[in-house]
Amino acid sequence: MSDIRSEDEAAIQAVLVESYKAWEAGDADGMVADYTADATAIMTGSLRDGRDVVRDSMAASFAGPLKGSSTDDKQLSLRFVGRDAAVVVSESGILFSGEAEVPDARKVNATWVFEKRDGQWLIAAYHNSPVLAPPAR
């Protein structure tokens, strides 16, 4: 991996870390600080179209059902798509107060699409889907 790709990878990791920290702090503004204005977020049954919509939705959730929660994320891959785009795949889930690990039933596979604009890596899209248990044999 070239030095520039190493720098890009570190910058993308930093964006994710800051987003996770903001979640843990219940900070919706901080969570979307590195989203593009036209970012989309798709979660089971919902489309949040635009950074402001994502922010408003997260603010309401942090004040309600997600109050005091954090996320547990395990990055599975990061790949670059051309010079100015990258895709991160992770397995993640929400940890509620008192939980040490995410129950299997609440784990999701997530895809993050990053775009480099004016030298800064930003989240352009996020999508998650429940992790399905492997079929019984």
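Residues numbered from 1 in each chain as written. Predicted model: local features only at pLDDT ≥ 70, side-chain atom pairs only at ≥ 80, totals over all residues. Heavy atoms only, no water.

Undergrad: Just checking my understanding: could you explain the sheet that holds strand 4 (residues 85–95) for this structure?
TA: Think of a sheet as strands paired side by side through backbone hydrogen bonds, with each pair either parallel or antiparallel. Pairing is mixed in the open sheet, where six strands are placed in the order 2-1-6-5-4-3. The open sheet terminates on both sides in strands that have one partner only, identified here as strand 2 (46–49) and strand 3 (70–80). The sheet shows a mean angle of 20 degrees between the axes of neighbouring strands, taken without regard to direction. Direction of pairing for strand 1 (residues 35–43) relative to strand 2: antiparallel, over a ladder of four bridges. Its bridge partner being in strand 2, threonine 40 is matched across the sheet by aspartate 49. This element, helix 3 (residues 51–63), spans strand 1 and strand 2 of the sheet and lies at about 55 degrees to strand 1. (Pairing = 2+ DSSP bridges. Helix = DSSP H or I, 4+ residues; strand = E, 2+ residues; numbered from the N terminus. Axes fitted to C-alpha atoms, helices over the stretch in contact; angles between N-to-C directions. Contact = heavy atoms within 4.5 Å.)

Undergrad: Sorry if this is basic, but what is going on with the environment of serine 90 here?
TA: By the secondary structure assignment, serine 90 is in strand 4. Separated by 69 residues in the primary sequence, serine 90 and lysine 21 have C-alpha atoms spaced 17 Å apart. Setting aside anything within four residues of it in sequence, one finds serine 90 in contact with Asp73, Lys74, Gln75, Leu76, Val108, Asn109, Ala110 and Trp112. Separated by 3.4 Å, the side chains of serine 90 and tryptophan 112 make a polar contact. (Polar contact = N/O pair within 3.5 Å; in protein donor to acceptor, adjacent residues only side chain to side chain.)

Undergrad: Can you walk me through the nonpolar core in this structure?
TA: As a rule of thumb, nonpolar side chains are buried together in soluble globular proteins. Core analysis: the largest hydrophobic core is formed by 25 residues, its most contacted members being Ile12, Tyr35, Met58, Trp112 and Phe114. Mapped by element, the contributors of at least two residues to this core are helix 1 (3–25), helix 2 (28–31), strand 1, helix 3, strand 4, strand 5 (108–117) and strand 6 (120–130). Here the element with the most residues in this core is helix 1; it accounts for five residues. Once you skip the residues sitting within four places of it in the chain, methionine 58 turns out to touch Trp23, Ala28, Met31 and Leu66. (Core = buried A, V, L, I, M, F, W, Y, C linked by side-chain atoms within 4.5 Å. Buried < 20%, exposed > 50% of the residue type's maximum accessible area, 1.4 Å probe, protein only.)

Undergrad: What should I look at first to understand the pairing of strand 1 in this one?
TA: Regular strands show a simple pattern: their side chains alternate between the two faces of the sheet. Bridge count between strand 1 and strand 6: four bridges; the pairing is parallel. By the bridge assignment, threonine 40 is partnered in strand 6 with alanine 125. Hairpin remark: strand 1 followed by strand 2, antiparallel, with two residues in the connecting loop; positive phi at glycine 45, about 80 degrees.

Taken by themselves, the reported measurements are silent on function.
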